[in-house]
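Summary of structural features
The primary structure of each chain is shown beneath.
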Amino acid sequence: MKEYQTITEISGPLVYAEVDEAIGYDEIVEIETAQGETLRGQVLESSEDVVAIQVFEGTSGIDRDASVRFLGETMKMPVTEDLLGRVLDGSGRPIDDGPEIVPEERQDIVGAAINPYSREYPEEFIETGVSAIDGMNTLVRGQKLPIFSSSGQPHSELAMQIARQASVPEEEEGDDDEDGSEFAVIFGAMGITQEEANEFMEDFERTGALERSVVFMNLADDPAVERTVTPRMVLTTAEYLAFEKDYHVLVILTDMTNYCEALREIGAAREEVPGRRGYPGYMYTDLAQLYERAGRIKGRDGSVTQIPILTMPGDDDTHPIPDLTGYITEGQIYVDPDLNSQGLQPPINVLPSLSRLMDDGIGEGLTREDHADVKDQMFAAYAEGEDLRDLVNIVGREALSELDNKYLDFADAFESEFIDQGFETTRDIEETLSIGWDLLSMLPKDALNRIDEEFIEEHYREDDAEREVVEAAD
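Note that the structure is a prediction, hence the values are computed from the model and not measured.

Moving on: helix α13 (residues 429–440). For the α-helix, the turn length of 3.6 residues means that residues three or four positions removed from each other point alike. In a regular helix each residue adds 1.5 Å, so 12 residues correspond to 16 Å; α13 covers 16 Å between its end C-alpha atoms and thus fits that length. I429, T432, L433, I435, G436, W437, L439 and L440 are the residues of α13 that are buried. In this structure, the buried residues of α13 make contact with β12 (125–126), α1 (131–134), α11 (371–395), α12 (402–419) and α14 (453–459). Measuring from the backbone nitrogen of E430 back to the side-chain oxygen at the start of α13 gives 3.2 Å, which picks out D428 as the cap.

Pasting the structure below:
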């Protein structure tokens, strides 16, 4: 293995060195400083005589006397089933004082694209225990469904709730000897504060969720370069557990905005021509390489489902990060600042939210036969109530008809009873749909024009409608 002492330039997280042999793109590099410290890096650009190396630990301490070794291989993640229950840093090294990880194999972190022909269509329900998601924007196994939030919103609490509560209903009903071990959560945190990291770890340990999880932590003061590696480490681990060990893996990545900022920082250091708002022109491709690693493969029992979380700068969904993410993923869940200021937990606004694969993951044999009708009717009634709120501000409530007043009451009750369940409460799909029928029963039967007659006969609560009439008379 050749060793070079030919560093010519250091720029931000990048080191440039002269070479006299062909060096592979993405090759792993060890840099030994004059003080004897060994730093790891990756080849970012390679030409005949100069290579650009991005250093994971940052470039402090590196000078012209440092020696550079090219290891002749790309970055690999040591994978094993024993990773469950472990906490690792953003580069995949244990930070939980546990035993050394003995890998079953080492896999390339870039991963191989799933052949479209081999993909299985996602259509099995994942129960998150959150009514606003399960009832209105259902998550399906193998889907990628991002959460769009903004600074100061409780997206971390929602992420913890999903990580804690998510399950695959079929697996729970399966053989007892499985003991629910078929479901795993891989949590990748990028650029979060130490305080947030402590909250996550405390919650994982308190609720016992850590036993079925692998946690990767890249903190805000860790180098930006490491942040670009973390999601790839996470997804390599997820693919191994899903496609080789038959787990249903839920991957939660937070915060993708920090990841994109790291891309921009590295792009600026390389003096690339910037794209929209200074982000690299290849950011769409880069994000697609991550998001498209979700899915199911024919003939394999496991699946990889992704929930990337991103904070929209300025709560602007036309910003490049949410904009490009929305093109690639199958829907989005919006965390709403107005609902949050009203104290709703979780403050999910279901109207702009969408799960494009929902229709295939609900219904008889998956959730319940009336699920689609209930969801459609609640969307319509809540949207009507929202429109009427604007009208009430102008004409006053007295000017509205009796039915319009019921829609207004429905919208208030929908927020306070259906959406506002608290971050510690888990609801199964039966309970979610039952609450839905309680709310729909506030409306007269003839207003339920999106629900099949037989479902109305079976589930409509006459006493709720009568109670509304009595209350109105009082």
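On we go from here.
Taken together, 7 strands build an open sheet; the order of strands is β1-β7-β4-β5-β6-β3-β2 and the sheet is antiparallel. Looking at which strands have only one partner, the edges of the open sheet turn out to be β1 (3–4) and β2 (7–11). Where strand β5 (residues 38–46) lies against strand β6 (residues 50–55), 5 bridges are found, and the strand directions are antiparallel. Opposite E45, over in β6, you have A52 as the bridge partner.

Now for the layout of surface pockets. Its volume calculated, the largest pocket comes out at about 560 Å³. What lines the largest pocket is a set of 27 residues, and nearest its centre among them are Y25, D26, R232, D286 and Q289. Breaking the lining of the largest pocket down by element, the ones donating at least two residues are β5, α5 (224–243), α6 (256–269) and α7 (283–291). The residue makeup of the lining of the largest pocket, split by class, is 14 nonpolar, 5 polar and 8 charged. Estimates place the volume of the second largest pocket at around 290 Å³. Taken together, 18 residues form the lining of the second largest pocket, with R40, K76, P78, S91 and R106 sitting closest to its centre.

Time to look at the UniProt feature "domain: ATPase F1/V1/A1 complex alpha/beta subunit N-terminal" (unreviewed entry) in the protein chain. UniProt marks residues 7–72 with the feature "domain: ATPase F1/V1/A1 complex alpha/beta subunit N-terminal" (unreviewed entry), using the numbering shown here. A helix fraction of 0% and a strand fraction of 56% characterise residues 7–72, whose end C-alpha atoms lie 19 Å from each other.

Before going further, it helps to examine the pairing of β2. As judged from the 4 bridges shared by β2 and strand β3 (residues 14–18), these two strands associate in the antiparallel manner. By the bridge assignment for β3, S11 is matched with L14. Where β2 folds back on β3, the antiparallel hairpin that results is connected by 2 residues, among which G12 adopts a positive phi of roughly 60°.

This part takes up the environment of E199. Its location among the elements puts E199 in helix α4 (residues 194–207). The sequence separation of E199 and M378 amounts to 179 residues, and the corresponding C-alpha distance is 35 Å.

This paragraph deals with the packing of aromatic side chains. In total, this model carries 7 aromatic pairs according to the counting rule given. Ring centres 5.4 Å apart and planes at 75° place the aromatic pair F187 and F204 in the edge-to-face group. Pair noted here: F187 is in strand β15 (residues 183–192) and F204 is in helix α4, with a separation of 17 residues, a long-range link. F187 sits in the buried class, given a relative accessible area of 0%. On the basis of relative accessible area, F204 is assigned to the buried category, the value being 2%.

Relative to strand β7 (residues 67–74), β1 runs antiparallel, the two being bridged by 2 bridges. Looking at β7, one finds that Y4 is bridged to V68.

Cut-off values and rules
Residues numbered from 1 in each chain as written. Predicted model: local features only at pLDDT ≥ 70, side-chain atom pairs only at ≥ 80, totals over all residues. Heavy atoms only, no water. Helix = DSSP H or I, 4+ residues; strand = E, 2+ residues; numbered from the N terminus. Expected span 1.5 Å × (residues − 1). Buried < 20%, exposed > 50% of the residue type's maximum accessible area, 1.4 Å probe, protein only. Contact = heavy atoms within 4.5 Å. Polar contact = N/O pair within 3.5 Å; in protein donor to acceptor, adjacent residues only side chain to side chain. Pairing = 2+ DSSP bridges. 1 Å grid on protein atoms, 1.4 Å probe; cavity = no way out; pocket = protein on both sides within 12 Å on 5 of 7 lines; lining within 4 Å. Points joined across faces, edges and corners; volume = space filled by probe spheres on them. Nonpolar A, V, L, I, M, F, W, Y, C, P; charged D, E, K, R; others polar. UniProt positions renumbered as here; feature names shortened; annotations may be inferred. Phe/Tyr/Trp six-rings, centres within 6.5 Å; stacked < 30°, edge-to-face > 60°.

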